[in-house]
Amino acid sequence: MQNIQNYINGNFHNPINNEWIDNYNPSNGAVYGQIPNSSKEDVEQAYQSAKSAFKQWSHTSFEERSRILIKISELLEANLQRFAEAESKDNGKPISLAKSVDIPRAASNFRFFGNAITQFASESHESVGQDAINFTLRQPIGVVGCISPWNLPLYLFTWKIAPAIAAGNCVVAKPSEVTPLTAYLLGEICNEAGLPKGVLNIVQGLGTTTGQAIVEHPDIKAISFTGGTATGAHIARTAAPMFKKLSLELGGKNPNIIFADCDYDKMLETTVRSSFANQGQICLCGSRIFVEESIYKKFKADFVQKVKQLKVGHPSDESTDIGALVSKTHLEKVELYVKIAEDEGAKILCGGLEVTVNGYENGYYFQPTIIEVQDNVCRINQEEVFGPVVTIMSFKTDKEALVLANDVKYGLSATVWTSNLNRTMQFSQKLQTGIVWVNTWMMRDLRTPFGGTKASGVGREGGFDALRFFTEPKNVCIKYE
Ligand code: NAD
């Protein structure tokens, strides 16, 4: 059994109320450990620890903060195998993905913000004619809350924590209760790297108890949240009367728009990945595929053929393309959406069924699924499934493609495949999303603003945007003679 504790003030603690939640291994459906269901009292203890650490940490030089963050990054790299195995076991994702994406990216989050803080500068404005100079102080906020989801557990957890502590804040953080393990292991790494006690505190537990207690805490002044749109709306309602600073990274229903003039082979290969990487459980996956009519038939045949070759298997098998979905509840949600699509008259081109993996019969496996739809208003095209399910339909004109892409409540990312420069610019300007990829997908540069529009969120993370979020700007105006 792998039992997990809270990490508060540099030490590991059982929850004060001694309440525990079962942790499941998605690859075989078995309980393999327990995690705290932390209460308000644990969150209070974490807050007090963060508050005590803040005085010193906020005055620690940026060189020293940078040195510690980079040390954490190096230790994560040195422990790649152990962390990748833990992530794969906890989440169900293929070990190959955890090793090549999740853990390296968690390490680069610490390295990136360890470097970024040494380059972060504030503005100054000389008020010519008034004999005054204005400059902006960028001060850490104090104690901040970071709440993350289960799909890219350590990757997204550290995407928040690294800039928060780089900017001089102390943190009360909560990973998803579905994937608590790597966040727990991170505590050990932080101690080894010499992160002062209390700078980072990790409380484990359910969203409705532990997460809610973080958001409701009157002295946790900012919340950085990644998760579902409904949860984000609830957090916004809770936090608004306390005037907390909020960054909300929420759901998506991203269009993948394919024109006949694209590099077809590159597009096809990338589209398989952008549809099904991490079992389709990436907020950036292109789940609505729109294809120009002239190549629709060919694309449909080639795409189905390629997707049928993907291997659904145990996450620890290096040759697995599609691992297990994260939980039984999630598997049931995905199945339900396939049924809804069928009931609405859509055609399942491949997949659509649960998979039994030999020796792991109780695991949560599902076939990569392609559904042909006739319109964009059906539920499968309007609601986030967040699993290995994509839809395809054809379009005739650029105008039609743009309307289809934008006709959804979400606005996280979009992908466009074309070799036409004018079309590239037209779509870049008119797509209602926070991110547009042209002739690629999920290519990330950590300096760029990351986030969504419409129901996909508020605010941007990444680069100096994250450091700006985690600092309070104060203008100082000095009059001189
Ligand atoms: P979720 O909203 O259920 O949970 C996210 C986190 O919030 C978890 O840690 C959960 O415990 C916590 N939480 C739940 N209720 C809470 C409450 N009342 N107060 C405070 N915290 C609470 O989301 P999930 O199912 O873990 O993740 C999947 C969702 O995340 C999808 O919608 C996906 O699109 C989205 N996502 C978005 C991005 C992005 O960058 N925009 C990235 C990854 C995932």
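Conventions and cut-offs
Residues numbered from 1 in each chain as written. Predicted model: local features only at pLDDT ≥ 70, side-chain atom pairs only at ≥ 80, totals over all residues. Heavy atoms only, no water. Salt bridge = Lys/Arg side-chain N within 4 Å of Asp/Glu carboxyl O. Buried < 20%, exposed > 50% of the residue type's maximum accessible area, 1.4 Å probe, protein only. Helix = DSSP H or I, 4+ residues; strand = E, 2+ residues; numbered from the N terminus. Expected span 1.5 Å × (residues − 1). Contact = heavy atoms within 4.5 Å. Axes fitted to C-alpha atoms, helices over the stretch in contact; angles between N-to-C directions. Parallel < 35°, antiparallel > 145°, perpendicular 65-115°, else oblique. Left-handed = near helix turned anticlockwise from the far one by under 90°. Near = heavy atom within 4 Å. Polar contact = N/O pair within 3.5 Å; in protein donor to acceptor, adjacent residues only side chain to side chain. Areas by Shrake-Rupley, 256 points an atom, 1.4 Å probe, with all protein chains shown as cover. Nonpolar A, V, L, I, M, F, W, Y, C, P; charged D, E, K, R; others polar. Disulfide = S-S within 2.5 Å. Phe/Tyr/Trp six-rings, centres within 6.5 Å; stacked < 30°, edge-to-face > 60°. Core = buried A, V, L, I, M, F, W, Y, C linked by side-chain atoms within 4.5 Å. Pairing = 2+ DSSP bridges.

### Side note on the pattern of salt bridges
Taken as a whole and judged by the stated rule, the model has 18 salt bridges. Between Glu177 and Lys174 there is a salt bridge, with the nearest N and O atoms lying 3.3 Å from each other. Given the relative accessible area of 2%, Lys174 is considered buried. As a salt-bridge pair, Asp445 and Arg447 come within 2.6 Å of each other at their nearest N and O atoms. Here the residues in one salt-bridge network are Asp261, Asp398 and Arg423, joined through shared partners.

### Comments concerning helix H11 (residues 328–343)
For H11, with 16 residues, the first-to-last C-alpha span of 22 Å sits near the 22 Å given by 1.5 Å per residue. Those residues of H11 that sit buried are His330, Leu331, Val334, Tyr337, Val338, Ile340 and Ala341. Packing partners of the buried residues in H11 comprise strand S14 (347–350), strand S15 (354–357), strand S16 (360–366), strand S17 (369–372), helix H12 (379–382) and strand S18 (389–395). Positive phi appears at Gly345, one or two residues downstream of H11, with a value of about 95°.

### Comments concerning the packing of helix H2 (residues 62–78) against helix H4 (residues 95–119)
One way to put it is that H2 packs onto H4 with a least axis distance of 8 Å and a crossing angle of 165°. Compared by their axis directions, H2 and H4 come out roughly antiparallel. Viewed along their axes, H2 and H4 form a crossing whose handedness is left-handed. Counted together, Phe62, Arg65, Ser66, Leu69, Ile70, Ile72, Ser73, Glu74, Leu76 and Glu77 of H2 and Ile103, Ala106, Ala107, Phe110, Arg111, Phe113, Gly114, Asn115, Ile117 and Thr118 of H4 form the full contact between these two elements.

### Some words on the site of the ligand
What surrounds the ligand is a group of 30 residues, the closest being Lys174, Glu177, Thr231, Leu250 and Glu384. In the model, an oxygen atom of the ligand is placed 2.6 Å from a nitrogen or oxygen of the Thr231 side chain. About the coverage of the ligand: the protein hides 89% of its 850 Å² of free accessible area. Those elements that place two or more of their residues in the shell around the ligand are helix H7 (207–216), strand S10 (222–226) and helix H8 (229–239). Of the residues in the shell around the ligand, the class split is 13 nonpolar, 13 polar and four charged.

### Quick word on the state of the cysteines
Under the definition given, this model contains zero disulfides. Just so you know, Cys350 is unpaired, no disulfide at all, and the nearest cysteine sulfur is the one on Cys285, 15 Å from it.

### Some details on the packing of aromatic side chains
Working definition: an aromatic ring pair is given by the centre-to-centre distance plus the angle between the planes. Within this structure, the stated rule accounts for 12 aromatic pairs. Ring geometry for Phe12 versus Tyr184: centroids 5.4 Å apart, planes at 75°, classification edge-to-face. In this pair, Phe12 sits in strand S2 (residues 11–13) while Tyr184 sits in helix H6 (residues 181–193), placing the two residues 172 residues apart along the sequence. Between Phe299 and Phe303, the aromatic rings sit 5.0 Å apart at their centres with planes inclined by 20°, giving stacked as the arrangement. Residue Phe299 and its partner Phe303 are located together in helix H10 (residues 293–308), separated by four residues, close to a single helical turn. Its relative accessible area of 0% is what places Phe299 among the buried residues.

### Digging into the nonpolar core
Membership of the largest hydrophobic core comes to 95 residues, with the highest contact counts inside it found for Phe113, Leu200 and Leu284. Discounting residues that sit within four places of it in the chain, Leu284 has contacts with Asn254, Leu412, Ser413, Ile435, Trp437, Trp441, Met442 and Phe450.

### A closer look at the environment of Ala167
Mapped onto the elements, Ala167 comes out in the loop between helix H5 (153–166) and strand S8 (170–174). Ala167 sits 130 residues away from Lys297 along the chain, and the two C-alpha atoms are 52 Å apart. Ignoring anything within four residues of it in the chain, the contact list for Ala167 reads Arg65, Ile117, Pro140, Leu467, Phe470 and Thr471.

### Here's the deal with the sheet that holds strand S21 (residues 435–438)
Reading across from one edge, S14-S17-S18-S13-S12-S20-S21 is the order of the seven strands in this open sheet, with mixed pairing throughout. Each end of this open sheet is capped by a strand with a single partner; those strands are S14 and S21. Each neighbouring strand pair of the sheet contributes to a mean axis angle of 25°, computed without reference to strand direction. Here S17 pairs with S18 via four bridges, running parallel. Within S18, the residue paired with Ile371 across the bridge is Thr391.

### Topic: the side chain of Gln279
Positionally, Gln279 belongs in the loop between helix H9 (264–276) and strand S13 (288–292). Of the polar contacts made by the side chain of Gln279, one reaches the backbone oxygen of Ala324; its length is 3.4 Å. When near neighbours in sequence (up to four residues on either side) are disregarded, Gln279 contacts Gly92, Lys93, Pro94, Asp321, Ile322, Gly323, Ala324, Leu325, Gly387 and Pro388.

### Side note on the packing of helix H13 (residues 398–406) against helix H14 (residues 421–430)
For the pair H13 and H14, the least separation of the axes is 11 Å and the interaxial angle reads 30°. Accordingly, the angle class assigned to the pair H13 and H14 is roughly parallel. In the crossing of H13 with H14, the sense of the turn from one axis to the other is right-handed. Across from Asp398, Ala401, Leu402 and Asn406 in H13, the residues of H14 making contact are Arg423, Phe427 and Lys430. Class assignment for the residues of the contact of H13 with H14 results in three nonpolar, one polar and three charged.

### Quick word on the sheet that holds strand S5 (residues 124–127)
Across the sheet, three strands lie side by side as S5-S6-S24; this open sheet has antiparallel pairing. Strands with a single pairing partner mark the edges of an open sheet, and in this sheet they are S5 and strand S24 (471–479). Taken pair by pair, the neighbouring strands of this sheet meet at an average axis angle of 20°, ignoring direction. Judged from the four bridges that link them, S5 and strand S6 (residues 132–140) form a sheet pairing that is antiparallel. Opposite Ser127, over in S6, you have Ala132 as the bridge partner.

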